[in-house]
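Notes for the structure review
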Amino acid sequence: MHSSTLWRTARPAAESFCARHVGPRDGEVAAMLEAVGAPSLDALMEQTVPAAIRLRGAMGLGEGLTEPAVLARLRAIAGRNRVMTSLIGQGYYGTVLPGVIQRNVLENPAWYTAYTPYQPEISQGRLEALLNFQTMVADLTGLDVANASLLDEATAAAEAMALARRVARSKADGFFVDADCHPQTLAVLRTRAEPMGWRIIVGDPDRDLDAEAVFGALLQYPGSSGQVRDPRGAIARLHAAQAVVAMAADPLALTVLEAPGVLGADIAVGSMQRYGMPMGAGGPHAAYMAVRDAYKRNIPGRLVGVSVDSRGQPAYRLALQTREQHIRREKATSNICTAQVLPAVISAMYALYHGPDGLADIARRVHGLTAILAAGLRALSVRVVTEYFFDTITVATSGASGLVRARAEEAGLNLRIVDADHVGISLDETTTPEIVRAVWRCFCPDARRLEEMERALPEPGGALPPGLLRASPFMTHPVFHAHRSETDMLRYLRRLADRDLALDRTMIPLGSCTMKLNATVEMMPVTWPEFCDIHPYAPSAQMEGYAVLFDELERMLKAVSGYDAVSLQPNSGAQGEYAGLLAIRAYHRARGEGGRDICLIPASAHGTNPASAQMVGMRVVVVACDAQGNVDIGDLKARIAQSGDRLAAIMITYPSTHGVFEESVVEICDLVHAAGGQVYLDGANMNAQVGLSRPGAFGADVSHFNLHKTFCIPHGGGGPGMGPIGVGAHLAPFLPGVPQEGGANAVSAAPYGSAAVLPISWTYMMLMGDAGLRRATEIAILNSNYVASRLSGHYPVLYRGTNGRVAHECIIDLRPIKDATGITVDDVAKRLIDHGFHAPTVSFPVAGTFMIEPTESENKAELDRFCDAMIAIRAEIADIEAGVLSAEESPLRHAPHTVRDLADPAWERAYDRRRGCLPSGVAAADKYWPPVNRLDNAYGDRNLVCACPDMASYQEDAV
Ligand SMILES: *Cc1c(COP(=O)(O)O)cnc(C)c1O
């Protein structure tokens, strides 16, 4: 018998992973095809994707594997990483993530599958967690306002520099950087400064600072070498010269060292990694930024604020959103979109669990061990160079760094090799006396001598500078004292999670955001120690597993996209845009065409596109769209002609943000190339392309891939994400270099960005294989066409392709409803909450519309439930049109309905309670109750409060 027949029964009995990832069963697929009037899935693809760009063969990924097979493969890869005790420091430290936070936040889909809290009524849990984060950061830094996280310490430092340039009265063009900054921070500052024409001046702030020459400065506290210096002299001189001072500060040290704000700094940045997040070979970690009150309207990134709801109850929301890139576009000063919400939540919960005293205890213990380490080394006649320190010392080796390093590695330790004569040693929360002894042994292998030394060693005093001991209180709010037992913490985490709607409860049909399944099996490797407990700058011999993972992931992304090279460094889509545009800029300059500085961007583009373009010093020229939503080719030709030899690039999104596969995309690429420009194709919509078309093959030069959209990294409530870029061979030399080695175009602190979440995307592609990935795209397109066809009789579908088809998302137009009845998109979005749904994307890319992206993971029943809700809402709007009740009286205007409404003794509405609170189709037993009524947005921006309010403000109304 032929062996393939013989073993037929031995094939896995379970369904393929693809059938788990994709929602609709075969019968549902058939029913939906019939509903949209397509004879087959293939035929639907022919009608949707232009033939000119259609990929006809396979991508070359092979067959998908089963879940156990993929995990076994990944275990083998992980086994090639060597987990050592890393004492390298430089912004990455060992830490203990409490189990209750690991399991109930990091590994809990209620937290990790949530979306960015743009719909505040269904996001109160994560907004409260982020407000705790902001309060913690503001307290620790002694500044007034903190944002809700940035991507990493190095990009936060670059944002601080840009902020300093905006607010400083000094007209100088220099930015001073403390020579004792982490080297990766310096690399990212250089990248950001160069296109803007800012001069980076590196030196010792006490010796080399010429305050008149700079608009700002960054001081590291404690320094990368471990030295803690008093910054007050430098700050005074900088302030006298009207320059702005930022400090990069370690948040654990800040529990025992005086706060930057108290010392006079205007801005503080840093990494919250050591508050519970594993090193993860570089991330994800939350960076923080805090500023003086005067700069609060200039702070980049998201900012959570306190407002009130329609019943006057306190409620949280994202504040001052008009500052952000999606509104300001080319006038934006930062392109931050996806940030690090989940790591920020984890660090805030870590701080809550320990409280200020517990944190200071940890800090004192780390400092005490470091003092013992230093005293022991001195007793062994080893010179400790660092006079005042917190947790890090630099030690002279007299030419023996190599030997010390070899002994350290033998003992399972990584030290920082500064040069042939110096090593650095950083201790952390996980350090034990045994580790300190092991370090001593690296300098003195003689066991007897060590024993004697230890016996004779007096208890050393502290080595914190006496003038900088922390006197200011921090984390005094009751929330930092109320959750100390595990029971209390568990219930707090559950209470907050229950306030929010995430993917574990309902579809989240957000156009452009691709809220698809984040499979459990994909998430499991994230907390494996072989991936978590690796320092990003550990010796490469210890990262062989990661090297394999990066290599295979790059190979798969190249196969999917048709590009020649990939960089895994950018840690968000917007950072990918920035890295891609830097590559384009460098390419032109290398060819002697540095004058090319115009970036064409269609009016429909995502706000990060123009924001990224201005960050690389390009001038944005907007290209019009035609009545069908496509790039207006006539206008494009005119803009190209106007730009002449200044044309640098075009940034297009494909399929477009209007939800259609433009037929003219190849022509657009050709026109731009013919004029000497490069094509940046925003890959946020790859979920409509994987397996069907490849940007690198049909004319684009560079794209980013939002791994947190198409490739299954969960959104985490607004991060982490990853935005690797693919490029054609001609751009490969300009990809980001290794940050710590001062590599050109570095955009993140770590060489592979947030490496620890890369196993998610690797696992997804390995499970799906070639056919599975293509199937996912086809079903995503089918689902979207099905929703469009069910809703089109009730709401106009704004744009369609040539054959009347939409891509993986579609826009429905609610402007006519507003004109006729006064009912707004927001009213409809909030009414969807009463039905238990997260609203689609509101007013992007067209104001007054919804953009709906169902993804392949939703089955027909869930799509129908959503369409039924939309249709029921349309009937309520019809009542207003018919004059049955006014817009003000309608349940739409009062939405969302809460338990306070249900229990209100004074119900005086034009509709009954049941219809308001439990609209048709909603099962009472499964009802989701939003914790607050509709937010008052204007109130929150007028009365800006960005830290935890007094407990008194939470007193319940007398309802
Ligand atoms: C999400 C998105 C981006 C930005 O990606 P981030 O990861 O949030 O920085 C850019 N362009 C489009 C079209 C997007 O949908």
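Computed from a predicted model, the values in this text were never measured in an experiment.

1. Quick notes on the site of the ligand
- Surveying the vicinity of the ligand reveals 14 residues, the closest of which are T338, S512, D682, H708 and K709.
- One of the side-chain nitrogen or oxygen atoms of D682 is found 2.6 Å away from a nitrogen atom of the ligand.
- Relative to its unbound accessible surface of 380 Å², the ligand loses 98% to contact with the protein.
- For the shell around the ligand, the element with the highest residue contribution is helix α22 (residues 573-590), accounting for 3 residues.

2. So, the UniProt feature "domain: Glycine cleavage system P-protein N-terminal" (unreviewed entry) in the chain
- Per the UniProt record, "domain: Glycine cleavage system P-protein N-terminal" (unreviewed entry) is found at residues 20-443 and 480-737.
- Each end of residues 20-443 is marked by a C-alpha atom, and these two atoms are 55 Å apart; helix forms 40% of the span and strand 16%.
- Segment residues 480-737 splits into 35% helix and 12% strand. End C-alpha atoms: 41 Å apart.

3. A few points about the packing of helix α6 (residues 99-106) against helix α18 (residues 486-498)
- Relative orientation of the contacting elements α6 and α18 amounts to 15°, with a least axis distance of 10 Å. Of the possible angle classes, the one that applies to α6 and α18 is roughly parallel. Relative to α18, α6 is oriented so that their crossing is right-handed. In this structure, α6 contributes V100, I101, N104 and V105 to the contact, and α18 contributes E486, M489, L490 and L493.
- Split into classes, the residues belonging to the contact of α6 with α18 amount to 6 nonpolar, 1 polar and 1 charged.

4. What about the sheet that holds strand β3 (residues 174-178)?
- Spatially, the 7 strands line up as an open sheet ordered β2-β8-β7-β6-β5-β3-β4, and their pairing is mixed. Only two strands of the sheet have a single neighbouring strand rather than two, namely β2 (145-146) and β4 (199-203).
- Of the pairings in the sheet, the one linking strand β7 (residues 267-271) to strand β8 (residues 287-291) comprises 5 bridges and is antiparallel in character. Within β8, the position partnered with V269 by the bridge is M289.
- On the sheet, helix α8 (residues 124-141) packs against β2, β7 and β8 and is oriented at approximately 65° with respect to β8.
- Seen against the sheet, helix α10 (residues 183-196) touches β3, β4 and β5 (214-221) and runs at an angle of roughly 155° to β4.

5. With respect to the UniProt feature "modified residue: N6-(pyridoxal phosphate)lysine" (unreviewed entry) in the chain
- Under the feature "modified residue: N6-(pyridoxal phosphate)lysine" (unreviewed entry), the UniProt entry names K709.
- Position of K709 among the secondary structure elements: in the loop between β19 (702-704) and β20 (725-727).
- Residue class for K709 comes out buried when judged on its relative accessible area of 11%.
- Setting aside anything within four residues of it in sequence, one finds K709 in contact with S512, C513, T514, K516, A684 and H715.
- At a separation of 3.3 Å, a polar atom in the side chain of K709 contacts the main-chain carbonyl oxygen of S512.

6. Digging into the packing of aromatic side chains
- This structure, assessed with the given rule, holds 14 aromatic pairs.
- Ring centres of F175 and F215 lie 5.6 Å apart, and the angle between their planes is 40°; on these two criteria the pair is classed as tilted. Of the two residues, F175 sits in strand β3 while F215 sits in strand β5, which places them 40 residues apart along the sequence.
- Since its relative accessible area comes to 1%, F175 is described here as buried.
- Relative accessible area serves as the criterion here: at 0%, F215 is assigned to the buried category.
- Ring geometry for W907 and Y911: centres 5.6 Å apart, planes at 90°, overall edge-to-face. Each of the two residues, W907 as well as Y911, counts as buried.
- Through a chain of ring-to-ring contacts, three or more aromatic side chains come together here, namely W528, F531, Y546, F550 and Y752.
- Directly above the aromatic system of W528 lies the positively charged group of R75, at a separation of 3.9 Å from the ring centroid.
- We note R274 situated over the ring of Y93; from NZ or CZ to the ring centre the distance is 3.8 Å.

The rules behind the values
- The numbers attached to residues start from 1 for each chain and follow its sequence in the written order.
- Where local features are concerned, this predicted model is filtered to residues with pLDDT of at least 70; where side-chain atom pairs are given and counted, the filter is 80 or more; whole-chain, interface and lining totals use all residues.
- Note that water and hydrogens are dropped before the side-chain values are worked out from all heavy atoms of the structure.
- Here a residue is near a molecule or strand as soon as one of its heavy atoms is found within 4 Å of it.
- A 3.5 Å cut-off defines polar contacts: any pair of N or O atoms within that distance qualifies, except that in protein one atom must be a possible hydrogen donor and the other a possible acceptor, and neighbouring residues in sequence count only when both atoms are side-chain atoms.
- Accessible surface area values rest on a Shrake-Rupley calculation with a 1.4 Å probe, where residue burial reflects the displayed protein chains alone.
- A helix here means a DSSP run of H or I that spans at least four residues, while a strand means a run of E at least two residues long, and both kinds are numbered starting from the N terminus.
- UniProt positions are given in the numbering used here, feature names are shortened, and annotations may be inferred rather than shown by experiment.
- Lines fitted to C-alpha atoms define the axes, with helix axes restricted to the stretch in contact, and inter-axis angles between N-to-C directions lie between 0 and 180 degrees.
- Throughout this description, any angle smaller than 35 degrees is read as roughly parallel, any larger than 145 degrees as roughly antiparallel, any in the 65 to 115 degree range as roughly perpendicular, and the remainder as oblique.
- Handedness of each helix crossing follows the sense of rotation of the near helix against the far helix: counterclockwise by less than a right angle gives left-handed, clockwise gives right-handed.
- Residues are treated as being in contact if the distance between any of their heavy atoms lies within 4.5 Å.
- Residue polarity is assigned by list, with Asp, Glu, Lys and Arg as charged and Ala, Val, Leu, Ile, Met, Phe, Trp, Tyr, Cys and Pro as nonpolar; anything else, Gly included, falls into the polar class.
- By definition, two strands form a pair when at least two bridges between them are found by DSSP.
- Buried means the residue's accessible area, taken with a 1.4 Å probe over protein chains only, is under 20% of the maximum for its type, while exposed means over 50%, and partly exposed covers the values in between.
- Each Phe, Tyr or Trp ring (for Trp, its six-membered ring) is paired with any other whose centre lies within 6.5 Å, and the angle between the two planes then decides the class: stacked below 30 degrees, edge-to-face above 60, tilted in between.
- Here, a charge over a ring is recorded when the distance from Lys NZ or Arg CZ to the ring centre is within 6 Å and its angle to the ring normal is within 35 degrees.

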